[in-house]
Amino acid sequence: MMDRHRVVVSGIGVITPIGVGRQEFWEGLLAGRNGISRITRFDPSEFRSQMAGEVKGFRAEEWIDRKLAKRMDRFTHFALVASDLAMKDAGLDSFPFDGRRAGVIIGSGIGGTQTIESAHADLLAKGPRSVGPLVVSRVLINTAACTVSIAHGLKGPLSAPSIACSTGANAIGDAYRVLERGDADMMLAGGAEASVSPLPFAGFCATRAMSVRNGDPERASRPFDKNRDGFVMGEGAGVVVLERLEHALSRNAPIYAEVTGYGNTADAFHLTAPEPEGDGMVRAMAEALHDAGVDVSDIGYINAHGTSTILNDNIESAAVLKLFGDHARRLKISSIKSMIGHLLAAAGAVEFAATVLSVLTGRIPPTINYQEPDPNCPLDYVTQGAESVDLDAAMTQSFGFGGGNACLVVKSYEKRRQP
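Here is what the cut-offs are and how they apply
- Residues numbered from 1 in each chain as written.
- Predicted model: local features only at pLDDT ≥ 70, side-chain atom pairs only at ≥ 80, totals over all residues.
- Heavy atoms only, no water.
- Helix = DSSP H or I, 4+ residues; strand = E, 2+ residues; numbered from the N terminus.
- Rg over C-alpha atoms; globule rule 2.2 N^0.38 Å.
- Buried < 20%, exposed > 50% of the residue type's maximum accessible area, 1.4 Å probe, protein only.
- Contact = heavy atoms within 4.5 Å.
- Lys, Arg positive; Asp, Glu negative; His and termini not counted.
- Charge placed at Lys NZ, Arg CZ, Asp CG, Glu CD.
- Core = buried A, V, L, I, M, F, W, Y, C linked by side-chain atoms within 4.5 Å.
- Expected span 1.5 Å × (residues − 1).
- Phe/Tyr/Trp six-rings, centres within 6.5 Å; stacked < 30°, edge-to-face > 60°.
- Arc of directions from axis to C-beta.
- Polar contact = N/O pair within 3.5 Å; in protein donor to acceptor, adjacent residues only side chain to side chain.

1. With respect to the overall build of the chain
Okay, so step 1: Along the chain, the regular secondary structure elements total 13 helices and 15 strands.
Okay, so step 2: Rg of the C-alpha trace for the chain: 20 Å, near the compact-globule value of 22 Å for 419 residues, within the 12% margin.
Okay, so step 3: If you line up the chain on its principal axes, its C-alpha atoms span 65 × 55 × 40 Å.
Okay, so step 4: For the chain, the proportion of its 419 residues judged to be buried stands at 61%.
Okay, so step 5: For the chain, restricting intrachain contacts to residue pairs at least 6 apart in sequence, the fraction spanning at least 24 positions comes to 79%.
Okay, so step 6: If you average the places of the 42 positive and of the 48 negative side-chain charges in the chain, the two averages end up 4 Å apart.

2. With respect to the nonpolar core
Okay, so step 1: One finds V9, I12, L242 and F352 to be the most contacted residues of the largest nonpolar core, which totals 48 residues.
Okay, so step 2: By residue number, the principal contributor to this core is helix α13 (residues 347-361), which donates nine residues.
Okay, so step 3: Residue contacts for L242: discarding those within four places in its chain leaves V7, V8, V9, I172, A175, Y176, L179, D185, M186, M187 and V259.
Okay, so step 4: Of all hydrophobic cores here, the second largest spans 32 residues; its members include L85, M87, L92 and A237.

3. Looking at the environment of V55
Okay, so step 1: Mapped onto the fold, V55 is located in the loop between β4 (51-52) and α2 (66-70).
Okay, so step 2: Between the C-alpha atoms of V55 and A347, which are 292 residues apart in sequence, the distance is 14 Å.
Okay, so step 3: Beyond its immediate stretch of four places on either side in the chain, V55 contacts I15, T16, P17, V20, R74, F78, E235 and G236.

4. Some remarks on helix α7 (residues 167-181)
Okay, so step 1: Here α7 is 15 residues long and its end C-alpha atoms lie 21 Å apart, about the 21 Å a rise of 1.5 Å per residue gives.
Okay, so step 2: Of all the 15 residues making up α7, twelve are buried; the element is thus mostly covered by neighbouring parts of the structure.
Okay, so step 3: Buried within α7 we find T167, G168, A169, N170, A171, I172, G173, A175, Y176, V178, L179 and E180.
Okay, so step 4: Note on α7: the residue one or two positions beyond its end, G182, has a positive phi of about 85 degrees.

5. Brief notes about the packing of aromatic side chains
Okay, so step 1: Scanning the model with the defined rule gives eight aromatic pairs in all.
Okay, so step 2: With a centroid separation of 5.9 Å and 90 degrees between ring planes, the pair formed by F204 and F231 is classed as edge-to-face. Linking F204 in helix α8 (residues 198-207) with F231 in the loop between α8 and β8 (236-244), this pair joins segments that are 27 residues apart in sequence. One exposure class covers both F204 and F231, and it is buried.

6. Here's the deal with helix α1 (residues 22-30)
Okay, so step 1: Among the residues of α1, those classed as buried are F25, W26, G28 and L29. Buried residues of α1, seen end-on, are gathered within an arc of 160 degrees and therefore sit on one face of the element.
Okay, so step 2: Tucked into the core, α1 has its buried residues touching β1 (7-16), β2 (19-20), α12 (337-340), α13 and β12 (363-364).
Okay, so step 3: Just downstream of α1 lies G32, where phi reads positive at about 70 degrees.

7. Considerations on the side chain of D185
Okay, so step 1: Inspection of the secondary structure puts D185 in the loop between α7 and β7 (186-193).
Okay, so step 2: Residue classification places D185 among the buried residues on the basis of a relative accessible area of 12%.
Okay, so step 3: Reaching out from D185, the side chain makes a polar contact with the side chain of R244 at a distance of 2.7 Å.
Okay, so step 4: Ignoring anything within four residues of it in the chain, the contact list for D185 reads R101, L179, L242, E243, R244 and H247.

The values reported here are purely geometric and, on their own, carry no functional implication.
Here you go:
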């Protein structure tokens, strides 16, 4: 059997509605900061849902060369800046690494939607000659990963998964597998999404899966609360640097935590609804635990998918109960979507970053806006501010439209520093 290389997290780059960069993001989570408000990027008055988690004040030109930025859609701006932040956080901006042993797996769910909207408007108003040659490269989902690869000279494995809401987690899991096999020394992995624009927003409104608490946007995202009425869309990106442990140690890299398990399953049930018994969720969690070589009792915290929809929160809670048994009620569980909204393809990556920081610090961010318990969600949700725990291992889970399930297990590196 092939030896498995140990894989660690050495850099974190995030762009979210509550902050840009690891420190601002983490401080915002622990403080229970709200990043959701009435939409400002366009007039939402005629839309069924009128709020979102926007990354306000983000100007690509402040981070990227102005001419280069004009060639990119907003989701690529997010991916490139998050990658730059992760590389700097890992100390790789000044470290000479072998680009042939470094790769990129960054996905998106919808890609360059804002480019599609503007190009289509030009097409209708001015005809086909008004559509420029950059439209294709701006809208493709793989543009983000390719742009990051070019920017940093990363010549190893390159991929751009698109599995709806589980994309970011799948990207990190796939990168973990690459490193575990020894096919690379380091990987940038995550997801980026910039879908707070009229066309995709109208489409999501039509699914009736989004909250319509328009008069109270700050309290609209309320995972596991009895009175939740749907998810709130967000935007942003999460990118992490993963390395083989030997490589990280050889350059004295910061090590935040160790990735030890990954589970990936399909419901094979419906394009938008989760399988009612949560079978795919249970199998993904079980696969991740088995891969990590841990028992259910070893997990102290679950960073839940927790979308604030009736179906997801009910079925996710039932799936945890089914797999974890008596230990389920001793688990700490929270959903950061209550603060930042649902970042779609970027959600799993941003939530993975939060899980890593929880394992590193022993601090669990709260689920804000939780007011009334739901008997269908009977677990120990962290709702009264951030909690401090002695945390050795945690799980983060992402469950996407189409039935894609991805779970990752993270362990404290300090507690298992000695092999």
